[in-house]
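# Inside the fold
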Amino acid sequence: MTTYYFDPVLGTDALAGTSKSAAKRDFNPFNGFTPVAGDTLLFKRGSPQTITGAIKSIRGGSSDTARIRYGAYGEAQVPYSIWKYGTGAGNMILNAAQRSYLDFEDMYFDMRSSDCRNSIYLASQGAVESVGVNIRRCFFQGANSPTLHIGNGLGVLQEPSSTAWPR
């Protein structure tokens with residue numbers, strides 16, 4: 001179980017990210033960075049983490065005792081890590097479809113002035129359900145895509161072709 005730190009202003013992606021002084025800059029779970037069950041990912045409070053890759057899929061934990069935690073660290077006037085939707089980001093900030101055993105804490109999702117439909121997308125797909133996801137002290141602002149007029153900010157759903165429900 002490892003704790004990783006991200007600082008979009010002062011971090012450097014070449015660093016390991018395993019201490020505040022060696023924080024990674026960008027969160028990209030499929031570009032040389034692969035968290036495993038039990039890891040904690042902490043993002044600098046008050047600093048914007050802009051998601052620019054389409055459908056930013058994240059990893060989930062393997063059980064209730066081996067969760068993956070997304071949270072915040074440091075002191076700032078804003079008590080949250082800030083998540084924004086960038087160009088070419090698909091239609092969501094974090095895709096947690098078919099993922100289980102996740103904790104989201106102290107995160108601010110700013111979807112204003114963007115075409116974002118979902119901040120966190122928690123969906124059961126096919127026969128795979130989403131189980132054991134906790135969302136604590138998170139703030140969601142500006143959902144409903146201004147172009148398409150659809151979306152709900154936080155999507156917790158069973159997709160039409162799914163035989164499982166999120167729980």
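The paragraphs below set out a description of the structure included in this document. Fair warning: this is a prediction, and the values are worked out from it, not measured in the lab.

## A word on the overall build of the chain
Counting secondary structure elements, the chain contains 0 helices and 12 strands. Its helices and strands taken in sequence order, the chain reads β-β-β-β-β-β-β-β-β-β-β-β from the N to the C terminus. Residue pairs in contact within the chain that sit at least 24 positions apart in sequence constitute 76% of those at least 6 positions apart. Looking at the chain as shown, the accessible area adds up to about 8,000 Å², and 50% of this sits on carbon and sulfur atoms.

## Regarding the packing of aromatic side chains
In this description, a pair of aromatic rings is defined by centroid distance and the angle of the planes. Per the stated rule, a full pass over the model turns up 13 aromatic pairs. Taking the centre distance of 5.8 Å and the plane angle of 85 degrees together, the rings of Phe6 and Phe27 count as edge-to-face. You can see Phe6 sitting in strand β1 (residues 3-6) and its partner Phe27 sitting in the loop between β1 and β2 (40-44), a full 21 residues away along the chain. On the accessibility criterion, Phe6 (0% relative accessible area) is buried. For Phe27, a relative accessible area of 3% translates into the label buried. Taking 6.0 Å as the distance between ring centres and 85 degrees as the angle between the ring planes, the aromatic pair formed by Phe27 and Tyr70 counts as edge-to-face. Of this pair, Phe27 sits in the loop between β1 and β2 while Tyr70 sits in strand β4 (residues 68-73), and the two are 43 residues apart along the sequence. There is no split in this pair, since Phe27 and Tyr70 are both buried. By the ring-pair criterion, three or more aromatic residues cluster together here, those being Phe6, Phe27, Phe43, Tyr70, Trp83, Phe104, Phe109 and Phe140.

## A closer look at the sheet that holds strand β9 (residues 118-124)
The parallel open sheet is built from 3 strands, whose spatial order is β6-β9-β12. Edge strands, defined here as strands with exactly one partner in the open sheet, are β6 (92-95) and β12 (153-158). Across the sheet, the mean angle from the axis of one strand to that of its neighbour is 25 degrees, orientation sign disregarded. Looking at chain direction, β9 and β12 are connected through 6 bridges and run parallel. Residue Ile120 lies in a different strand from β12, and its bridge partner there is Leu154.

## A few points about the pattern of salt bridges
Per the counting criterion, the structure on display carries 10 salt bridges. For the salt bridge of Asp106 with Arg45, the shortest nitrogen-to-oxygen distance reads 3.9 Å. In this pair, Asp106 sits in the loop between β7 (102-105) and β8 (107-110) while Arg45 sits in the loop between β2 and β3 (48-51), placing the two residues 61 residues apart along the sequence. By the burial criterion, Asp106 is buried, and Arg45 matches it.

## Remarks on the side chain of Asp110
Mapping Asp110 onto the fold places it in strand β8. Beyond its immediate sequence surroundings of up to four residues, Asp110 is in contact with Trp83, Lys84, Tyr85 and Gln141.

## Some words on the nonpolar core
Counting residues in each nonpolar core, the largest one holds 24 residues, and the members touching the most others are Phe27, Tyr70, Trp83, Ile93, Leu94 and Phe104. The set of elements that each furnish at least two residues to this core consists of β1, β2, β4, β5 (81-85), β6, β7, β8 and β9. Setting aside its immediate chain neighbours within four residues, Phe27 contacts Phe6, Phe33, Leu41, Phe43, Gln49, Ile51, Lys56, Ile58, Tyr70, Trp83 and Leu94.

Definitions and limits used
- Residues numbered from 1 in each chain as written.
- Predicted model: local features only at pLDDT ≥ 70, side-chain atom pairs only at ≥ 80, totals over all residues.
- Heavy atoms only, no water.
- Helix = DSSP H or I, 4+ residues; strand = E, 2+ residues; numbered from the N terminus.
- Contact = heavy atoms within 4.5 Å.
- Areas by Shrake-Rupley, 256 points an atom, 1.4 Å probe, with all protein chains shown as cover.
- Phe/Tyr/Trp six-rings, centres within 6.5 Å; stacked < 30°, edge-to-face > 60°.
- Buried < 20%, exposed > 50% of the residue type's maximum accessible area, 1.4 Å probe, protein only.
- Pairing = 2+ DSSP bridges.
- Axes fitted to C-alpha atoms, helices over the stretch in contact; angles between N-to-C directions.
- Salt bridge = Lys/Arg side-chain N within 4 Å of Asp/Glu carboxyl O.
- Core = buried A, V, L, I, M, F, W, Y, C linked by side-chain atoms within 4.5 Å.

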